[in-house]
Amino acid sequence: MLPVISHTSTVEDLFSSRIFIAASVQRTYQWNTSECETLLADLVRAWSAQASSPEPAAADLSLDEEMDADLGLLPTPSIQPALPDYYLGAIVTRTAPDGAVEIYDGLQRITTLTILISVLRDTVDDDLLSQRLDKLINQDGDKPRLLLPERHPALWKEIQKRGEAGKVRRSSVANDFQHRVREAARTFRSAANAWNPAQQASFVEFLLNRVAIVIVHAAAGRLARQIFVTTNLRGLPLNQADLFKGQILDIAPDEATAADMENSWSVIQHAVGNDLVPFLTTVDFITRRQEQSADHLQELIDYLGSKVGPHKINEWLKRLSVFASAWKHLDRKLESPGSTPLDVNIWRLSLFKWQQWKPLALLWHANYLLKTAKGVSSSSETAHARHFAQLHRRCMAITLASLNQSQRSNLFAQAITQTIKGNNCLSGALLITDVLQDRIEDKLSNPFTDEDRRIVLFRWLESLCWDVPPLYIKDGSIEHVLPQNPHPNSQWFIDFSDEDSRHESCHSIGNLALIDPETNTRLANADFIHKQQIFLEASGRFRSLQGFEQSTAWTEDDIQRRTQLLKQDIVKQLHLTPRSTPKRRAQSEAATARPM
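A brief structural summary. From a predicted model like this one, the values you see are computed outputs, not experimental measurements. (Residues numbered from 1 in each chain as written. Predicted model: local features only at pLDDT ≥ 70, side-chain atom pairs only at ≥ 80, totals over all residues. Heavy atoms only, no water.)

**Structural notes on the nonpolar core**
Right, so step 1: One finds Ile248, Phe279, Leu391, Phe412 and Leu457 to be the most contacted residues of the largest nonpolar core, which totals 104 residues.
Right, so step 2: Among the elements that take part in this core, helix 13 (residues 313–335) stands out by supplying 10 residues, more than any other.
Right, so step 3: Counting residues in hydrophobic clusters, the runner-up holds 52 residues, among them Phe15, Ile117, Ala191 and Phe203. (Core = buried A, V, L, I, M, F, W, Y, C linked by side-chain atoms within 4.5 Å. Buried < 20%, exposed > 50% of the residue type's maximum accessible area, 1.4 Å probe, protein only. Helix = DSSP H or I, 4+ residues; strand = E, 2+ residues; numbered from the N terminus.)

The following block contains the structure:
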């Protein structure tokens, strides 16, 4: 047998005949929602590009993950040429003594594919297709094909076991691994539930037979480890910025133009420093206004070559210097809130964990700098600050509505197009529709178990308590006043004896508070009187803690009361019209969601 062999496999072939285990060099599951959304967006884009793929549209949505169709934000077929396959990279393996396939590189992708396939298995209506998918996850019904250490039982209990991946979980998470697994499942479930049966079946066929993975199989563990180390730790990684530079200079019609372009490139590089690749990514979205794949900079080069052409490419590159200056300004304001309303409103955007707002912010700020260079009045800066005040509020609304990466990309692509045409995207693409507002209010009224979004919400609310927010807000953590796992002998357990009621109360926004991580750890399962005293002492640093001193105990009624107060405040801060007003009732009766 050769010491190293490699071959290309489809997903179905890869999973159908192997048992996988993790090599000692591999980390536990590390992917966050953003990585899962990026993978899903790439897969959906490639799937949609297939000529045989039906156009994604809305179908029966789950109660927990509804309304995406009504928002007009479901994935749409790519206008890019169809790809024969989708390449998911290479994995490095060797055969363990017991015959299992030991993964030395690629465990994150194999785990994520396991979650995705499990969700599809538990979502599709076709029993035969569900059985086919289950055979890729389990052998003989109850023996998972991907075996992780016993300290991580959540993958089997909540994902691989048939029927479990389609469930919305209510219980508290025990560790980061369980949280990441649940968030990945939620991301994939949201997409799968938004497709009709024909689309689900089409995507499954694409995933199983059109997605390619290269298997690099080593005969010995020592060799597999060496391949892993060589692949990940040695050599200089490909510099995307240098590659982009070389390709864009190749578009120049002659050497003199190329030399002038190189000077423009140096100006841009000096302005943005080490942020050259993120800067180019943002410019790409402004330029093409399409959801970005892993090779989006190559797609930008292809676009520039065909749409801009050799005779205008120098002019295009020179214009980027204005964007580079705007990037530098924005970067400083995002690092620190400064002291002006403009600075503070821009800084609040840094609280969000997704970045689709950044191209629009860069476009706005570049236009503002051009006006400033020509002489601008203080009223123009006031208007600019007002735009950013609205932008961070729309971003918060988008976060609360749980829009995914594709939906956010669609929204901001439309917003940039409207801005370029001279229209106000805040009353267009970024307008909060009635359907979107209903979704937000429903999220706020029910248990808020989404950890990533609720921490952003409470940091954002805390920032609004300050004219100039302190930087430590970004490190604040969520404290559950009624603990998530109270001791069975505690007063908490007596006061909230019903498990379902306790879960609902525990995760209501009225039971949540923002505090520094050290104090949060120290509070743990303490009783309310003790927590109340700590909140009072900390309310000078975290102003959103003010109000707890008015309660003599912490009951279900107290939680419901604070939930209503917070909900009203959030609706007000988002500049939304409360649902209960005559104006909102009239809007609701108007019925349909406006195009976003």
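**A word on a negative patch on the surface**
Right, so step 1: Taken together, Asp498, Glu499, Glu504, Glu556 and Asp557 make up a surface patch of like negative charges.
Right, so step 2: Residue assignment for the negative patch shows that the elements contributing at least two residues are helix 21 (499–506) and helix 24 (556–573).
Right, so step 3: Take Glu504: it is sitting in helix 21.
Right, so step 4: With relative accessibility at 45%, the residue Glu504 sits in the partly exposed group. (Patch = residues over 30% accessible without salt bridge, like charges linked within 9 Å, V, L, I, M, F, W, Y side chains within 5 Å. Areas by Shrake-Rupley, 256 points an atom, 1.4 Å probe, with all protein chains shown as cover. Salt bridge = Lys/Arg side-chain N within 4 Å of Asp/Glu carboxyl O. Lys, Arg positive; Asp, Glu negative; His and termini not counted. Charge placed at Lys NZ, Arg CZ, Asp CG, Glu CD.)

**Overview of the pattern of salt bridges**
Right, so step 1: Here the structure, examined in full by the defined rule, presents 22 salt bridges.
Right, so step 2: A salt bridge links Asp450 to Arg186; the shortest N-O distance between them is 3.9 Å. Of this pair, Asp450 sits in the loop between helix 18 (434–445) and helix 19 (451–463) while Arg186 sits in helix 6 (residues 176–192), and the two are 264 residues apart along the sequence. For the pair shown, Asp450 and Arg186 are each scored as buried.
Right, so step 3: With a shortest N-O distance of 3.0 Å, Asp260 and Lys318 are connected by a salt bridge. Here Asp260 is found in helix 10 (residues 255–272), whereas its partner Lys318 is found in helix 13, with 58 residues between them in sequence.
Right, so step 4: For Lys318, a relative accessible area of 39% puts it in the partly exposed group.

**Points about the packing of helix 3 (residues 107–121) against helix 6**
Right, so step 1: At a minimum axis distance of 9 Å, the contact between helix 3 and helix 6 shows a crossing angle of 45 degrees. As far as their axial angle goes, helix 6 and helix 3 are oblique. Between helix 3 and helix 6 lies a crossing whose hand is right-handed. Together, Thr112, Ile115, Leu116, Val119 and Leu120 of helix 3 and Val181, Ala184, Ala185, Phe188, Arg189 and Ala192 of helix 6 make up the contact between the two elements.
Right, so step 2: Of the residues in the contact of helix 3 with helix 6, the class split is 9 nonpolar, 1 polar and 1 charged. (Axes fitted to C-alpha atoms, helices over the stretch in contact; angles between N-to-C directions. Parallel < 35°, antiparallel > 145°, perpendicular 65-115°, else oblique. Left-handed = near helix turned anticlockwise from the far one by under 90°. Contact = heavy atoms within 4.5 Å. Nonpolar A, V, L, I, M, F, W, Y, C, P; charged D, E, K, R; others polar.)

**Comments concerning unusual backbone geometry**
Right, so step 1: Here Arg289, not a glycine, exhibits a phi torsion of approximately 55 degrees, which is positive.
Right, so step 2: Following the sequence through the fold, Arg289 ends up in the loop between helix 11 (276–288) and helix 12 (296–308).
Right, so step 3: Taking relative accessible area as the criterion, Arg289 reaches 28% and is therefore assigned partly exposed.

**Focus on the side chain of Gln108**
Right, so step 1: If you trace the backbone, Gln108 turns up in helix 3.
Right, so step 2: At 3.1 Å, the side chain of Gln108 forms a polar contact with the backbone oxygen of Thr28.
Right, so step 3: At a separation of 2.7 Å, a polar atom in the side chain of Gln108 contacts the main-chain amide nitrogen of Gln30.
Right, so step 4: In this view, Gln108 contacts Arg27, Thr28, Tyr29, Gln30 and Trp31; residues no more than four positions away in its chain are not counted. (Polar contact = N/O pair within 3.5 Å; in protein donor to acceptor, adjacent residues only side chain to side chain.)

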